[in-house]
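Chain and residue survey
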Amino acid sequence: RLVADSPLHRIIKMVTEAQSRQSRSQKFIDKFAKYYTPTMVVLAVLVAAIPPLLFGEPFLNLPDGTRGWLHRSLVLLVISCPCALVISTPVTMVASLTRSAREGVLFKGGIFVEALSAIKAFAFDKTGTLTHGEPTVVDSKDLRCQGETECQPCDDLIALAYALERHSAHPLAQAIIEEAEKRGVTDCYPAASNLTARGGLGLEGNINGRRMTIGSRKLFEAEHDIPPIVHQWVDRAESEGKTAMLLCDGDHVRGFIAVADTLRLDSQKVVQALNEMHKHTVMLTGDNATVAGVIGGEVGLDDVRASLLPGDKQQAIAQLREEYGAVAMVGDGINDAPALASADLGIAMGGSGSAQAMETADVVLMADDIHKLPFAIKLSGFANRLIKQNIIFSLGSKLLVAVIALFGYAPLWMAVLADMGVSLLVTVNGLRAMRFKGN
């Protein structure tokens, strides 16, 4: 690949783009300031002109200390400067983006920092997200199995599966490749030709002139006659939380391969933390219902939806949005890209995630672990509170000094001090996001 396609350069590009994407609050403030500033200038002119012209009030300051309306209008003009209001949001957002980046969480813009804490439901992919995404072959059996430690038919089953999967980057394919290398059967067959992906269900290809298929039981039940004994093997494997794949040699089912993936150590803690925040948690996976149910029970998810194709995950996101409101999708693979794009917020795993998933997502967990997700949610909520505090303080202080100025009790230095002082205070308050701990 080109240097520009390296992970480091992609991170730099995404950070640069993130700083240019304004949050909703920042857009509102900028639009508000566009009309606020000229309005206050007109108001200051009216304050200076109307009382002296219509009511005979003094235009300039009097010797007895009474402040004229020109002085009052100048104080009003100084205090109405929108500096503090305009910088209150971007300072907080830049501080939040920097703090999250230090923790390995990359937001692609302030708008996503603002949105994360408002998410009501989190949907998780299974492989590579809740699990390590590094499955291994734990069982395999050919119908002609001889029951020996080194069984030639079972080795041949793995060799055929390797010939189909040797060029695939899918985690399940990597497990088969690793097992084939371990057994030393990588040279038994040439790589399959005319490969055809079966929409998340399996893979087909030609090996020595024969059409081979490897895939899920769902695919095989629709197109092949599965021997009862193979059904029993698959049922037992799935009841133990393993993912089973079947292999077909032409029209004949040869046997099955069982793959297991280990849960990430922090998966349970992350889901528990989300539940404590009153967030709905659900798993969307292409795995079968039995395996998904076992994993979902171990993690403590509120809901599990299994046997989903990429398009099904996208529909599930739409259903969750109708039920719970704003939805975030957490995934790592190319199959998750449609769901990441359709969710209100897409969150991708940065280390093991595919390039498509990271490009599609709005937030990337660069540490390749979901244990930073609760931190990111809390940081989002903290940033939103800081923005509200800054806006309220900026407007409130300006209104207070403006009222004092209209009654003639505010010297000019008070307006200057209030304007610059408030600007400094909201800046310091916004920078508190840099020290956010997330405890």
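In this structure the tally under the stated criterion is 3 aromatic pairs. Centroid distance Phe-375 to Phe-436: 5.7 Å. Interplanar angle 45°. Geometry classified as tilted. With Phe-375 in helix α16 (residues 373-406) and Phe-436 in the segment after α17 (412-430), this pair connects stretches of sequence that are 61 residues apart. Phe-436 matches Phe-375 in its accessibility class, with the two residues each being buried. Three or more aromatic residues joined by ring pairs make a cluster, and in this case those are Phe-375, Phe-382 and Phe-436. For the cation-ring pair, Lys-372 lies above Phe-375, with the distance from its terminal atom to the ring centre recorded as 5.9 Å.

Pairing in this open sheet of 7 strands is mixed, and the strands run β1-β13-β12-β11-β2-β9-β10 from one edge to the other. The open sheet has two free edges, formed respectively by β1 (105-107) and β10 (303-305), since each of these has just one partner strand. Across the sheet, the mean angle separating the axes of adjacent strands is 20° when strand polarity is ignored. Contacting β2 (121-124), β9 (280-284), β10 and β11 (327-331), helix α13 (residues 310-324) crosses the sheet at an angle of about 165° to β9.

Next up on the list: the packing of helix α4 (residues 83-102) against α16. The geometry of α4 relative to α16 is characterised by a closest axis approach of 9 Å and an angle of 165° between their N-to-C directions. Taken together, the axis directions place α4 and α16 in an arrangement best described as roughly antiparallel. Between α4 and α16 the crossing geometry is right-handed. Side by side, α4 and α16 meet where Ala-84, Leu-85, Ser-88, Thr-89, Thr-92, Met-93, Ser-96, Arg-99 and Ser-100 of the first sit next to Phe-375, Leu-379, Ala-383, Leu-386, Ile-387, Asn-390, Ile-391, Ser-394 and Leu-395 of the second. Across the contact of α4 with α16, the residue classes tally to 10 nonpolar, 7 polar and 1 charged.

The pLDDT averaged across the protein chain works out to 86; a share of 93% of its residues lies at or above 70. Confidence, expressed as mean pLDDT per element, reaches its minimum in the protein chain at helix α1 (residues 7-20) with 58 and its maximum at β2 with 96.

The 6 strands are arranged β3-β8-β7-β6-β5-β4 in an open sheet whose pairing can be described as antiparallel. Where the open sheet ends on each side, the last strands, each with one partner, are β3 (136-142) and β4 (193-197). Mean inter-strand twist for the sheet, computed between neighbouring axes without regard to direction, equals 20°. In this structure, β3 lies alongside strand β8 (residues 252-260), joined through 6 bridges in antiparallel fashion. What sits directly across from Asp-142, in β8, is Gly-255. Of the strands in this sheet, β3, β6 (210-215), β7 (243-249) and β8 are in contact with helix α8 (residues 171-183), which crosses β3 at around 70°.

Moving on, we get to the nonpolar core. Ranked by internal contacts, the top residues of the largest apolar core, which has 38 residues, are Phe-107, Leu-116, Phe-122, Phe-124, Ile-347 and Leu-373. Here the element with the most residues in this core is α16; it accounts for 6 residues. Dropping the residues within four chain positions of it, Phe-124 is found in contact with Thr-129, Leu-130, Leu-274, Thr-281, Val-282, Met-283, Leu-284, Leu-301, Met-329, Val-330, Ile-370 and Leu-373. Residues Ile-176, Ile-177, Val-185 and Ala-192 belong to the second largest nonpolar core, which totals 25 residues.

With that settled, the discussion passes to a nonpolar patch on the surface. A cluster of nonpolar residues, Val-41, Val-45, Leu-74, Leu-77, Leu-412, Val-416 and Met-420, forms a patch on the protein surface that exposes about 560 Å² of accessible area. With 3 residues, the top contributor of residues to the nonpolar patch is α17. For Val-41, the location among the structural elements is in helix α2 (residues 24-55). With a relative accessible area of 40%, Val-41 lands in the partly exposed category.

The next point concerns the environment of Val-94. Relative to the helices and strands, Val-94 resides in helix α4. A sequence separation of 16 residues divides Val-94 from Gly-110, and the C-alpha atoms of the two residues are 7.6 Å apart.

In the structure shown here, the tally under the stated rule is 0 disulfides. Counting only cysteine sulfurs, Cys-151 is the nearest neighbor of Cys-154, a cysteine outside any disulfide, at a range of 3.6 Å. Judged by its relative accessible area of 6%, Cys-154 falls in the buried class.

With respect to the helices and strands, Lys-242 occurs in the loop between α10 (228-239) and β7. Since its relative accessible area comes to 19%, Lys-242 is described here as buried. Beyond its immediate sequence surroundings of up to four residues, Lys-242 is in contact with Val-138, Ala-237, Ala-258, Val-259, Ala-260 and Val-291.

Criteria and thresholds
- Residues numbered from 1 in each chain as written.
- Predicted model: local features only at pLDDT ≥ 70, side-chain atom pairs only at ≥ 80, totals over all residues.
- Heavy atoms only, no water.
- Phe/Tyr/Trp six-rings, centres within 6.5 Å; stacked < 30°, edge-to-face > 60°.
- Helix = DSSP H or I, 4+ residues; strand = E, 2+ residues; numbered from the N terminus.
- Buried < 20%, exposed > 50% of the residue type's maximum accessible area, 1.4 Å probe, protein only.
- Lys NZ or Arg CZ within 6 Å of the ring centre and 35° of its normal.
- Pairing = 2+ DSSP bridges.
- Axes fitted to C-alpha atoms, helices over the stretch in contact; angles between N-to-C directions.
- Contact = heavy atoms within 4.5 Å.
- Parallel < 35°, antiparallel > 145°, perpendicular 65-115°, else oblique.
- Left-handed = near helix turned anticlockwise from the far one by under 90°.
- Nonpolar A, V, L, I, M, F, W, Y, C, P; charged D, E, K, R; others polar.
- pLDDT = per-residue confidence, 0-100.
- Core = buried A, V, L, I, M, F, W, Y, C linked by side-chain atoms within 4.5 Å.
- Patch = residues over 30% accessible without salt bridge, like charges linked within 9 Å, V, L, I, M, F, W, Y side chains within 5 Å.
- Areas by Shrake-Rupley, 256 points an atom, 1.4 Å probe, with all protein chains shown as cover.
- Salt bridge = Lys/Arg side-chain N within 4 Å of Asp/Glu carboxyl O.
- Disulfide = S-S within 2.5 Å.

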